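Analysis of the macromolecular model
Okay, here's what each chain looks like letter by letter:
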Amino acid sequence: MRRSVAEFLGTFWLVFGGCGSALISAAFPELGIGFVGVAFAFGLTVLTMAYAIGHISGCHLNPAISVGLVVGKRFPAKDLPAYVVAQVLGAIAASGVLYIIVTGNPSFNAASSSFASNGFAEHSPGSYSLLACFVAEFVLTFFFLWVIMGSTDKRGVPAGFAPIAIGLCLTLIHLISIPVTNTSVNPARSTGPAIFAGYWWPLQQLWLFWIAPILGGAVGGAAYLFLFKEPDKSF
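Figured I'd write up the structure that's included with this text. What you see is a predicted model, and the numbers here were worked out from it, not measured in a lab.

Right, let's talk about the nonpolar core for a bit. Within the largest apolar cluster, 44 residues are counted, with the highest numbers of intra-cluster contacts made by Leu69, Phe144, Leu170 and Ile173. Of all the secondary structure elements, the ones that give two or more residues to this core are helix H1 (2–25), helix H2 (34–57), helix H3 (63–71), helix H4 (80–102), helix H5 (130–151), helix H6 (162–181) and helix H9 (208–228). A per-element tally of this core places H4 first, with 8 residues. The contacts of Ile173, once residues within four sequence positions are left out, are Leu140, Phe144, Thr183 and Val185.

Below you can see the structure in the form of structure tokens.
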């Protein structure tokens, strides 16, 4: 229960901080944060929360990462459903709080806002095709999982430094893919904003942002285990 609560709060912070920067700060050009600022906001939320709850739950904050860690023998499969539920509920709760905040600005048009949702084809920020968006989400989640497994490997960086590598990796992922899909690599992050968007298309396209990241995470976990690591029998 304690670990699930930590995952709920951590995912809340990820979506509130990352999507909040896109909906609030990036909406004012005079602040000048743009894509770069949003990318760093997502990276910083993961970095800070990893230090806050990493010792409690592992700070997954992402169903695709939890699945990848199960496949990579770093996380027990029996705990996966509780983690995924907590992550999705945290993302929905954060999106709900953000909705209350942004609709307090009379210039915000909730009925026509995509609410920082992810999309492909005509709903991709750069009009990238379905295939391009699938490949981007798959590959980026694959390498995100590798960075997580590598930086938390007992043979890797000294204890306490892993959150820095993981946070910077998520920042880089956003710098690459915000123009492509608005960056998911996280089904929970995609689900929360899609529910509060003023259009139906974020929910209609949500399937891609569950399938591609989960497949990328699972393949990443399997590949890392096969190439670099013996199964961890500690759980």
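Past the structure itself, the notes keep going.
What follows covers empty space enclosed by the protein. Here the structure, examined in full by the defined rule, presents 1 cavity of 30 Å³ or more. What lines the largest cavity is simply Ala22, Val38, Phe42, His174, Ile178, Asn182 and Arg189. Mapped onto the lining of the largest cavity, the elements with two or more residues apiece are H2 and H6. In terms of residue class, the lining of the largest cavity is built from 4 nonpolar, 2 polar and 1 charged.

Any two side chains of opposite charge can pair, given that their charged atoms come close. Throughout the structure, instances matching the rule amount to 3 salt bridges. Put simply, Asp79 and Arg3 hold a salt bridge, and the shortest N to O gap is 2.8 Å. Of this pair, Asp79 sits in the loop between H3 and H4 while Arg3 sits in helix H1; the two residues are 76 residues apart in sequence, bridging distant segments of the chain. When its relative accessible area of 13% is taken as the criterion, Asp79 is described as buried. Judged by its relative accessible area of 33%, Arg3 falls in the partly exposed class. Note that Asp153 and Arg74 form a salt bridge whose closest N and O atoms lie 3.7 Å from each other. One end of the pair, Asp153, is in the loop between H5 and H6; the other, Arg74, is in the loop between H3 and H4, and 79 residues separate them in sequence. A single network of salt bridges, built from pairs that share partners, joins Arg3, Lys78 and Asp79.

About the thresholds
Residues numbered from 1 in each chain as written. Predicted model: local features only at pLDDT ≥ 70, side-chain atom pairs only at ≥ 80, totals over all residues. Heavy atoms only, no water. Core = buried A, V, L, I, M, F, W, Y, C linked by side-chain atoms within 4.5 Å. Buried < 20%, exposed > 50% of the residue type's maximum accessible area, 1.4 Å probe, protein only. Helix = DSSP H or I, 4+ residues; strand = E, 2+ residues; numbered from the N terminus. Contact = heavy atoms within 4.5 Å. 1 Å grid on protein atoms, 1.4 Å probe; cavity = no way out; pocket = protein on both sides within 12 Å on 5 of 7 lines; lining within 4 Å. Points joined across faces, edges and corners; volume = space filled by probe spheres on them. Nonpolar A, V, L, I, M, F, W, Y, C, P; charged D, E, K, R; others polar. Salt bridge = Lys/Arg side-chain N within 4 Å of Asp/Glu carboxyl O.

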